[in-house]
Amino acid sequence: MLRILMVLVLTLTMSVSVSGSVYADKKTDLEKEIAEKQKAIDEAEKERKAINEDLTDVEKLKKNLEKSKNDLASYVVELDEQVVQIQANIDALLVQISEKEKELEQTRSELDEAIATKDEHYAAMKARIQTMYEQGDMYYVEILASAGSFGDFLNEVDYIGQISEYDNKKMEEYKEIVAYVTVCKEQLEAEEAVLTATKEAAESEQAALETLIEEKQREIEAYEKDIATKEATLAESTALLAT
């Protein structure tokens with residue numbers, strides 16, 4: 001009996017080892033989804049950086065426009081062109097915000113589904129482990145002892161090997177699900193960061209737009225005041241000459 005059990009242990013060990021190797025070499029659909037989500041996380045980070053790099057530098061813009069102040073008409077035209085460009089930036093950012101909110105909704109849904117699947121697998125594994133613990137090692141001995149012939153014995157050995165392979169496969173699946181949940185959370189955080197950056201960029205562009213409009217209004221008012229002063233001076237000079 002001892003010899004038979006030793007052969008059994010060796011057989012089971014080889015079975016589990018081989019099945020684990022085959023399983024590890026096979027790229028599952030879930031592993032592919034994890035890789036795709038990792039790629040999406042990297043792209044989200046690039047998108048966030050690009051948003052911050054494309055913001056309008058109002059002070060630099062005002063400095064570049066300074067040379068046009070002597071010609072109010074040209075200055076106003078250039079200001080209007082910048083206002084139009086910034087407004088276009090704001091419109092594009094608002095579209096991005098809407099799209100990103102939809103993406104976040106989808107990612108949250110995928111995360112909730114992944115967590116539910118993980119919890120189901122965990123509960124099933126916990127129940128199976130508890131059952132095996134309660135049955136003890138004698139469970140497998142009883143299965144083998146019930147064999148009526150050597151052929152039946154080999155079938156039972158194969159059955160036990162399949163149980164071990166099944167348990168090993170389920171454990172690997174659970175590990176993958178845990179990894180998938182983790183990457184879903186990371187993707188959600190990355191997309192939330194992009195959404196926050198996009199909203200902040202829209203606010204920044206709106207502030208830049210208002211600054212340029214105020215600058216334009218100030219220049220026009222200063223120009224009109226200067227004209228009025230010159231006209232008043234001219235009127236006074238004309239009046240003095242007339243006396």
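Residues numbered from 1 in each chain as written. Predicted model: local features only at pLDDT ≥ 70, side-chain atom pairs only at ≥ 80, totals over all residues. Heavy atoms only, no water.

The next thing to look at is the overall build of the protein chain. Looking only at helices and strands, the protein chain has six helices and zero strands in total. Element order for the protein chain, N to C, with α for helix and β for strand: α-α-α-α-α-α. Within the protein chain, buried positions represent 26% of all 243 residues. Relative to all contacts within the protein chain whose residues are 6 or more apart in sequence, the contacts with residues 24 or more apart total 88%. (Helix = DSSP H or I, 4+ residues; strand = E, 2+ residues; numbered from the N terminus. Buried < 20%, exposed > 50% of the residue type's maximum accessible area, 1.4 Å probe, protein only. Contact = heavy atoms within 4.5 Å.)

A separate point is the side chain of Glu191. Within the secondary structure, Glu191 sits in helix H6 (residues 150-242). The charged side chain of Glu191 is buried without a salt bridge, its nearest counter-charge being Lys100 at 4.9 Å. Within the structure, Glu191 has its side chain in polar contact with the side chain of Thr107 (distance 2.8 Å). (Lys, Arg positive; Asp, Glu negative; His and termini not counted. Salt bridge = Lys/Arg side-chain N within 4 Å of Asp/Glu carboxyl O. Polar contact = N/O pair within 3.5 Å; in protein donor to acceptor, adjacent residues only side chain to side chain.)

The next subject is the pattern of salt bridges. Counted by the stated rule, this structure contains ten salt bridges. A salt bridge links Lys100 to Glu47; the nearest nitrogen and oxygen atoms lie 3.6 Å apart. You can see Lys100 sitting in helix H4 (residues 72-135) and its partner Glu47 sitting in helix H2 (residues 29-53), a full 53 residues away along the chain. Residue Glu172 is joined to Lys175 by a salt bridge in which the shortest nitrogen-to-oxygen separation is 3.9 Å. Pair noted here: Glu172 and Lys175 are both in helix H6, with a separation of three residues, about one helical turn. The exposure class of Glu172 is partly exposed, given its relative accessible area of 26%.

Take the nonpolar core next. Leu111, Tyr180, Val181 and Val183 are the most contacted members of the largest nonpolar core, which totals 21 residues. Elements that contribute at least two residues to this core include exactly H2, H4 and H6. At eleven residues, the largest contribution of residues to this core is made by H6. When sequence neighbours within four positions are dropped, the list of residues in contact with Tyr180 reads Leu30, Glu33, Ile34, Lys37, Glu110 and Ala114. Counting twelve residues, the second-largest nonpolar core is a separate cluster that includes Leu72, Val76, Leu79 and Ala208. (Core = buried A, V, L, I, M, F, W, Y, C linked by side-chain atoms within 4.5 Å.)

The relation between two aromatic rings is expressed through the spacing of the ring centres and the mutual angle of the planes. For the structure on display, the rule yields one aromatic pair. Their ring planes at 35° and their centres at 6.2 Å tell us that Tyr122 and Tyr174 sit as a pair that is tilted. Here the residue Tyr122 occupies a position in helix H4, and Tyr174 occupies one in helix H6, the gap between them amounting to 52 residues. (Phe/Tyr/Trp six-rings, centres within 6.5 Å; stacked < 30°, edge-to-face > 60°.)

Let us now look at the confidence of the model for the protein chain. When pLDDT is averaged along the protein chain, the result is 75, and 67% of the positions lie at 70 or above. For the protein chain, per-element mean pLDDT is lowest for helix H1 (residues 2-25), which scores 42, and highest for H2, which scores 89. Every residue in residues 1-26 scores below 50 in pLDDT, and together they form 21 contacts with partners more than four places removed in sequence or on other chains. (pLDDT = per-residue confidence, 0-100.)

Below, the discussion takes up the environment of Ile97. If you trace the backbone, Ile97 turns up in helix H4. Distance in space between the C-alpha atoms of Ile97 and Val194 is 8.9 Å, their sequence separation being 97 residues. When neighbours within four sequence positions are excluded, Ile97 is seen to be in contact with Leu195, Thr198, Lys199 and Ala202.

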